[in-house]
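# Remarks on the overall topology
Read off the chains here:
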Amino acid sequence: EPQLHPLNQGFSLLSLFRNRWFALAAAAAMLVVAFLAGRFTQPKSGMVAITAGGRQRVLVMALGDHLERSQMMLAELANGSDQASDVSAERDRARNLIGENRLYRQTAVESGDPAMAQVLDQLERVLLDISHGADAGEIKSRIESESLLFKLRVLGANLSRAGSSDAPSSQEKL
């Protein structure tokens, strides 16, 4: 009798897990189920918000750099002499800034920031005049009459504050 096995052992999970192949297949199935459950049950809005916040910070930093370079060029022109040689030296810089400026202006329009779009539009017009070789005196008077350097400084300061904290948009500040 001790050598006889009971005929009706019943179903036992322990007996199944003694088989190594079954144990490996069960572990693999649990991993697949866990992966799929995590994949389809996680809210995707959190990841989008993180990505959007990262993009916003990159945009603020790039726009701040663009405004700084534009401001330096305009300050050099405003404080320089009225000779055409001064403007010709800045033509290439202005051409490089025009393309970037258009993209930033379009982004400001699409994001609903009309104040920033207006300042970038004024800057674009001046950059176009510089790139087309307009008279240095006319460019200086335009920079001064539109207070473009002041607007660029204010916009740049607002962007640097917005990049470091949750500051109000430039529309509220200008």
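Before reading further, recall that the structure is shown in the block above.
Here's a quick rundown of the structure. Bear in mind that the values here come from a model prediction, so they are computed numbers and not experimental data.

## Structural notes on the overall build of the chain
- In terms of regular secondary structure, the chain is built from 8 helices and 0 strands.
- Taken across its 174 residues, the chain has 26% of its residues classed as buried.
- About 12000 Å² of surface is accessible on the chain, with carbon and sulfur atoms providing 58% of the total.

## Describing the packing of helix H5 (residues 114-131) against helix H6 (residues 136-145)
- Remark: H5 packs on H6, axes separated minimally by 10 Å, with the N-to-C direction vectors making an angle of 170°. As summarised for this structure, H5 and H6 are arranged roughly antiparallel, according to the angle between their axes. Contacts between H5 and H6 pair Arg 125, Val 126, Asp 129 and Ile 130 from the former with Ile 139, Arg 142 and Ile 143 from the latter.

## A word on a nonpolar patch on the surface
- A surface patch of nonpolar side chains, about 450 Å² in accessible area, is lined by Val 32, Phe 35, Leu 36 and Phe 40.
- Along the chain, the position of Val 32 falls in helix H2 (residues 20-41).

## Overview of the pattern of salt bridges
- All chains considered together, the criterion is met by 10 salt bridges.
- With a closest N to O distance of 2.5 Å, Glu 100 and Arg 69 form a salt bridge. Taken together, the residues Glu 100 in helix H4 (residues 84-110) and Arg 69 in helix H3 (residues 45-79) connect sequence positions 31 residues apart.
- Judged by relative accessible area, which is 29%, Arg 69 ranks as partly exposed.
- Taking the shortest distance from any N to any O, the salt bridge between Arg 93 and Glu 90 comes out at 3.0 Å. With Arg 93 and Glu 90 both in helix H4 and 3 residues apart, the pair spans about one turn of that helix.
- The partly exposed category is assigned to Arg 93, whose relative accessible area is 31%.
- Judged by its relative accessible area of 10%, Glu 90 is buried.

Thresholds, definitions, all that
- Residues numbered from 1 in each chain as written.
- Predicted model: local features only at pLDDT ≥ 70, side-chain atom pairs only at ≥ 80, totals over all residues.
- Heavy atoms only, no water.
- Helix = DSSP H or I, 4+ residues; strand = E, 2+ residues; numbered from the N terminus.
- Buried < 20%, exposed > 50% of the residue type's maximum accessible area, 1.4 Å probe, protein only.
- Areas by Shrake-Rupley, 256 points an atom, 1.4 Å probe, with all protein chains shown as cover.
- Axes fitted to C-alpha atoms, helices over the stretch in contact; angles between N-to-C directions.
- Parallel < 35°, antiparallel > 145°, perpendicular 65-115°, else oblique.
- Contact = heavy atoms within 4.5 Å.
- Patch = residues over 30% accessible without salt bridge, like charges linked within 9 Å, V, L, I, M, F, W, Y side chains within 5 Å.
- Salt bridge = Lys/Arg side-chain N within 4 Å of Asp/Glu carboxyl O.

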